[in-house]
Amino acid sequence: MSHKSLALICLSALALGALRAEAAPPPAAAPTLNIIYLVPTDMEPLPGHRERLGKILLEMRDFYNRELARNGSPARLRMPLDPKTGLVALDEVKGTHPLDGYPYEGGWKTALPDVEAHFKAHPERRSSDRTLIILPTRPKPTVPFYGFGNYCFALDYEGFDYKDCGQDTPAGRKFKPWYGGMAHELGHGLGLPHTHATKSQAKLYGTALMGAGNRTLGFTPTFLTPGDCAFLESSPPCRVFTPRPLKKAEGFKPDIRREAGGVRVSGVLPTGCSVRRIVAAYDKDDFGSVNDNYDAESFVVPFDTEGRFDFAFPMEEIHPGRTDKVQIQLRLVHDDGTVELLRHTLP
């Protein structure tokens, strides 16, 4: 690795922690993740669901917070806790449809009205604008399992228990994708896009959660990238600062170009915009749909007090693609968690 590229990576890490001094501890009423256990009309909650999922979610929260701390971020993921057990608390909601009324394809269309009706009837139950929705299932799961805007979906099955984490047993192998998958989809609900480990990250930390970490978490080394943590800093259930009012980067046009041996991005953010972080992704081969960016390495782009930045991708950190096609994606992360996405396909 060249000294120049190492400096750029170090700058990215410094950029992530640069605002630490201004962050104050969250107030007592700081927003938490909303966690809904949505029960279909033809089902009851699965046995022990509160204890099992309360422990699973507690471990998941602790994973996120260990990774935020390792990356030097003051942000911390907050989930509601049951004061009696110390486990994560679930908000149980009775749905208006049977289980087959919440299919994988399009099930959000029936689930979200049920959840929103619950929040309308009980506005005090909505702590933030980010919500995890868990549905109980029968042996062949068919329910939604994905991120959808500020919502994310996961499932519960009978016997879904953290005691099986890391175990090379039938129960452990069943647990693995649903636990890692829930943590991955939670990342989407908190505002994280897909990302791939850089070459050095893969050697040091393993698999990126927002890459293939949905099948490794709890079993082999899995981590959050600095870019992930940049997004989480502004996500309401993680944020530890008072956000500025949203002001988008109207008219912002960065300069993105190939140069000898690599790609450089530069520009100046509009004065007064509420951008807190810039995360640049190097996406290869295919980039037409939501799931085409699993192979995209991401980097936090530092900018000065005037909003100026000049960043060269450290090419020795980027895995080769199958083709020469490359799209650069700049995500402008605002204080309130809003993300503006700018795409540029390289000629």
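Throughout what follows, the structure given in this document is the object of discussion. (Residues numbered from 1 in each chain as written. Predicted model: local features only at pLDDT ≥ 70, side-chain atom pairs only at ≥ 80, totals over all residues. Heavy atoms only, no water.)

**A word on the sheet that holds strand 9 (residues 262-268)**
Argument step 1. With respect to topology, 3 strands assemble into an open sheet ordered 8-9-12, the strand pairing being antiparallel. Each edge of the open sheet carries a strand with a single partner, namely strand 8 (255-259) and strand 12 (308-312). Between one strand axis and the next, the sheet turns through 15° on average, direction left out of account.
Argument step 2. In the sheet, strand 8 pairs with strand 9 via 5 bridges, with the strands oriented antiparallel. Bridged to R257 within strand 9 is R264. (Pairing = 2+ DSSP bridges. Helix = DSSP H or I, 4+ residues; strand = E, 2+ residues; numbered from the N terminus. Axes fitted to C-alpha atoms, helices over the stretch in contact; angles between N-to-C directions.)

**Considering helix 6 (residues 226-234)**
Structural remark: α-helix, 3.6 residues per turn; residues separated by three or four positions point the same way.
Argument step 1. The buried count for helix 6 comes to 8 of 9 residues, which makes it a mostly enclosed element.
Argument step 2. Among the residues making up helix 6, those that are buried are G227, D228, C229, A230, F231, L232, E233 and S234. (Buried < 20%, exposed > 50% of the residue type's maximum accessible area, 1.4 Å probe, protein only.)

**Description of the packing of aromatic side chains**
Argument step 1. In total, this model carries 16 aromatic pairs according to the counting rule given.
Argument step 2. Geometrically, the ring pair formed by F63 and Y64 is edge-to-face, given 5.8 Å between the ring centres and 85° between the ring planes.
Argument step 3. Given a relative accessible area of 0%, Y64 falls into the buried group.
Argument step 4. Joined through ring pairs, the aromatic side chains of Y157, F160, Y162, F175 and Y179 make up one cluster.
Argument step 5. Seen from the ring of F241, R276 lies directly overhead, with NZ or CZ sitting 3.7 Å from the centre. (Phe/Tyr/Trp six-rings, centres within 6.5 Å; stacked < 30°, edge-to-face > 60°. Lys NZ or Arg CZ within 6 Å of the ring centre and 35° of its normal.)

**Remarks on the layout of surface pockets**
Argument step 1. Put simply, the largest pocket is a space of about 720 Å³.
Argument step 2. Elements represented by at least two residues in the lining of the largest pocket include exactly strand 4 (147-148), helix 4 (170-190), strand 13 (326-334) and strand 14 (339-345).
Argument step 3. Across the lining of the largest pocket, the residue classes tally to 14 nonpolar, 14 polar and 6 charged. (1 Å grid on protein atoms, 1.4 Å probe; cavity = no way out; pocket = protein on both sides within 12 Å on 5 of 7 lines; lining within 4 Å. Points joined across faces, edges and corners; volume = space filled by probe spheres on them. Nonpolar A, V, L, I, M, F, W, Y, C, P; charged D, E, K, R; others polar.)

**Observations regarding the sheet that holds strand 5 (residues 151-156)**
Argument step 1. Strand order across the open sheet formed by 5 strands is 2-1-3-5-4, with mixed pairing between neighbours. What marks the edges here is a single partner per strand, and that holds for strand 2 (91-94) and strand 4.
Argument step 2. Strands strand 1 (34-39), strand 2, strand 3 (131-136), strand 4 and strand 5 of the sheet are contacted by helix 3 (residues 108-121), whose axis makes an angle of about 115° with strand 1.
Argument step 3. Sheet strands touched by helix 4: strand 3, strand 4 and strand 5. Its angle to strand 5, the strand with the most contacts, is close to 165°. (Contact = heavy atoms within 4.5 Å.)

**Some points on the nonpolar core**
Argument step 1. Ranked by internal contacts, the top residues of the largest apolar core, which has 63 residues, are I35, L57, M60, Y64, I133, M182 and L186.
Argument step 2. Sorting the residues of this core by element identifies strand 1, helix 2 (49-70), helix 3, strand 3, strand 5, helix 4 and helix 6 as the ones contributing at least two each.
Argument step 3. Considering each element in turn, this core owes the most residues, 8 residues, to helix 2.
Argument step 4. Other than its neighbours up to four places away in sequence, L57 contacts I35, M79, V88, L90, L132, I134 and M182.
Argument step 5. Ranked by size, the runner-up nonpolar core spans 22 residues in total, among them L269, V275, F313 and I328. (Core = buried A, V, L, I, M, F, W, Y, C linked by side-chain atoms within 4.5 Å.)

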